[in-house]
Structure formats: C-alpha cells, structure tokens
Amino acid sequence: MQDQADAMKIVFETNVFPLFHPECVDDIKDPCPVFDGTLWHVFGSSGTVTSETWRILHATAPDLSGPWTEHEVVNLAVNGSGVAAPGVIFECGVFHMFIQTEFMKSGGRCEHAVSNDGFHWVVLSPALMSVPDSDEDGIYDPHPAIVGGKRYIVYSGMPKFTRVPQPDIYLARSMSDSWFGPWKRVGKILDHAELLHHNSREDPDYEWGLEGAQIVELPGGQILLNATCFLPQGSRGSRQRVFFAIADDIKGPYVSVGPVLDPGGLGENGHSTVILQDRRLALFYQGRVEATNHRWRYGLAKCSLDLVAKRLNRLR
C-alpha cells in the first residue's frame, strides 16, 4: 500500500520559498501569475490575516522566478468587505480580472475588470452574483480558464453557515465564448464528501471548506483541478494543503491525487496557480512556515509535466 502511495506522489524538483518579502504588509496570499508576452505579472491579496484586511497586490518580473518588483496596489471601483483573491487571464492584449467581494459571509459578487497594461483597470458588470438561500448563498475565489476553446470560471460556493464557511467547488461557462459573458452556471463539480483528505462537515474541529480552485487543460486533453483543502487532522495553522485532481470532463467526476506539496515542517500551503511552460509544471503557491514567522508568502515549485501526467493517469 505504501509503495502504491509513493508511486502516486508528485515530486517537485525545485521549490523556492519565499520568492520575496512584501514591503509594507504582514501577508501576501492568493497568487495569480500571468504573462503578457513580455513581462510576468502576479496579482494577489496583500494585507494581514490578523484583521482579514486586504488590498490587491501587483508585482512584475522578467521571469516567473523573479526578481519581483512590487507596485502600487490595484485600486478598483468595487465595494465589499472582502475584495481580494483576483483570478486573472491575459488574452488578445487584454488582462481580464475576476475578483470576489466577500468570503467571510453570505452574498458577494464575482466582479469583472479589464486592463491593457495590468496597472490601470476599468470595472465592468459583475460576471456572477450569489444566489440567496441556495448552495451558492456566498461565492468567492473566482479563476478564469480556457478549456476546449471555451471560457469558464471556477469558484467556491457556500450555503448559509453558523460557524465558518463550508464551500464546495463550482463552475460557470460563458455563453458568448468571450470573457464578457453572459455566464451560465454549470453547477457543483467537487464536494467535501468526495475527498478523504479534507475535513468533513460533521467534524467538531472543522476548519474550512474547498477553495482556491483552478482548472487547467493538460496536453493530452485531461482536466487538472488545482485547489486547496484542509486536512482532517492536525493543529490549526498546519492543515491547509494544495491538492490536484484529474478528470476526463471539466464537469467531473474528479479523482484526487491528494495533497501535492509538503511544507517541510510545521506550516501549511494553499491557494495556488499552475502554469504549464516548456513541458514543465510550475506551481505558484502561498505558504507559511516557522521561517516566515508563520506569515504568508509566495513560493514557486517546479516539476516535469510528463511526470505529473504519468502520476495522474494512474488514477484513471
């Protein structure tokens, strides 16, 4: 059994952490790197987990590995108590940002903004709104994706809650095959109960739900789901993990390979973005460990895409 588990592991050949330290804030989270053909941009959440106060980080670099230069935070004409966690894609000379407005409470919208340079943004009509008194009573963590030539947004949706949010992973598709929508809800594509390595809703020490999802189409046509779970056991501050799952169809069903990145001691990792580049898979993630005083920073782990494909195909 252990030999079988070892055969399923994703082994990252390099892992640089932290990539950089922020200049003026405690924490940086929810990284989304994009390439504009000349320069790498990373957008994310900049602030502090102490008060859950966030702004939109923007940094640039000549290479995904850096060196990264921080810029002024992105100011959007968007209202909400949780404006953060931008999901960004660059296509045909335009940056498209999809961003949450809430994540700690019901309600919220998935806002859409566009930019020609990554610095100056125009806010358009919301892409998605929460649906009161439903399993999408709250929505957050949107991330855009192109799969099979069609445009999608994957996001977390949650019903009303009394203790903490319990989101699952949902999907929406553009009916115009452009980033301007309108967007049709496809529905839930991954539930708590489908993952043995995620805390159950009935757990008295339940910490959080599924979040930070991203959909990636692999060269062979399979669908990679990259998302964040919370382990069933362990102390708070050590249970958050990036995991991968595979499916033949974007709607699922998904089979999980489990957590893919070990924090290397007391710590955790979460919300991340996968980039496929030159037959390699790069995982740009958030993590916190003792060496960062358990403050969130960005890391970059890389491995062979062929190796990942072999591991994931063993699940099929």
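Description of the structure in this document. (Residues numbered from 1 in each chain as written. Predicted model: local features only at pLDDT ≥ 70, side-chain atom pairs only at ≥ 80, totals over all residues. Heavy atoms only, no water.)

Attention now goes to the packing of aromatic side chains. For the coordinates displayed, the defined rule picks out 14 aromatic pairs. An aromatic cluster is present here, built from Phe-20, Trp-68, Phe-284 and Tyr-298 joined pairwise through their rings. (Phe/Tyr/Trp six-rings, centres within 6.5 Å; stacked < 30°, edge-to-face > 60°.)

Our next topic: the sheet that holds strand β13 (residues 168–174). The sheet built from 4 strands is open, its strands ordered β11-β12-β13-β14 with antiparallel pairing. The open sheet has two edge strands with one neighbour each: β11 (138–147) and β14 (183–190). Across this sheet, the average inter-strand angle for adjacent strands is 25°, counted without regard to direction. Relative to strand β12 (residues 150–158), β11 is paired through 8 bridges, and the arrangement is antiparallel. Bridge pairing in β12 places Val-147 opposite Lys-150. (Pairing = 2+ DSSP bridges. Helix = DSSP H or I, 4+ residues; strand = E, 2+ residues; numbered from the N terminus. Axes fitted to C-alpha atoms, helices over the stretch in contact; angles between N-to-C directions.)

For soluble globular proteins, the rule of thumb is that nonpolar side chains tend to be buried together. With 21 residues, the main nonpolar core has Leu-190, Ile-215, Phe-243, Ile-250 and Tyr-254 as its most contacted residues. The greatest single-element share of this core, amounting to 4 residues, is contributed by strand β16 (residues 223–230). Excluding anything up to four places from it in sequence, Ile-250 contacts Val-147, Tyr-152, Leu-171, Ile-189, Ile-215 and Ile-223. Judged by nonpolar contacts, the second largest core, of 20 residues, contains Val-242, Ala-301, Leu-305 and Leu-312. (Core = buried A, V, L, I, M, F, W, Y, C linked by side-chain atoms within 4.5 Å. Buried < 20%, exposed > 50% of the residue type's maximum accessible area, 1.4 Å probe, protein only. Contact = heavy atoms within 4.5 Å.)

A word on the pairing of strand β17 (residues 240–247). Of all 8 residues that make up β17, 8 are buried, and the element is covered over most of its length. Going residue by residue along β17, you find Gln-240, Val-242, Phe-244 and Ile-246 tucked away on one face and Arg-241, Phe-243, Ala-245 and Ala-247 tucked away on the opposite face as well. One ladder, built from 8 bridges, connects β16 with β17; its direction is antiparallel. Directly across from Asn-226, in β17, lies its bridge partner Phe-244. Judged from the 4 bridges that link them, β17 and strand β18 (residues 255–259) form a sheet pairing that is antiparallel. For Phe-243, the partnering residue across the bridge sits in β18 and is Pro-259.

Along helix α2 (residues 305–313), the positions that sit buried rather than exposed are Leu-305, Val-308, Arg-311 and Leu-312. The buried residues of α2 occupy an angular sector of 125° when projected down its axis, which confines them to one face. (Arc of directions from axis to C-beta.)

Turning to the environment of Asp-278, a few remarks are in order. With respect to the helices, strands and loops of the structure, Asp-278 is situated in the loop between β19 (267–277) and β20 (280–289). Of the residues examined, Asp-278 reaches a relative accessible area of 70% and is grouped as exposed. Put simply, Asp-278 and Leu-305 are 27 residues apart on the chain and 8.7 Å apart in space, counted from C-alpha to C-alpha.

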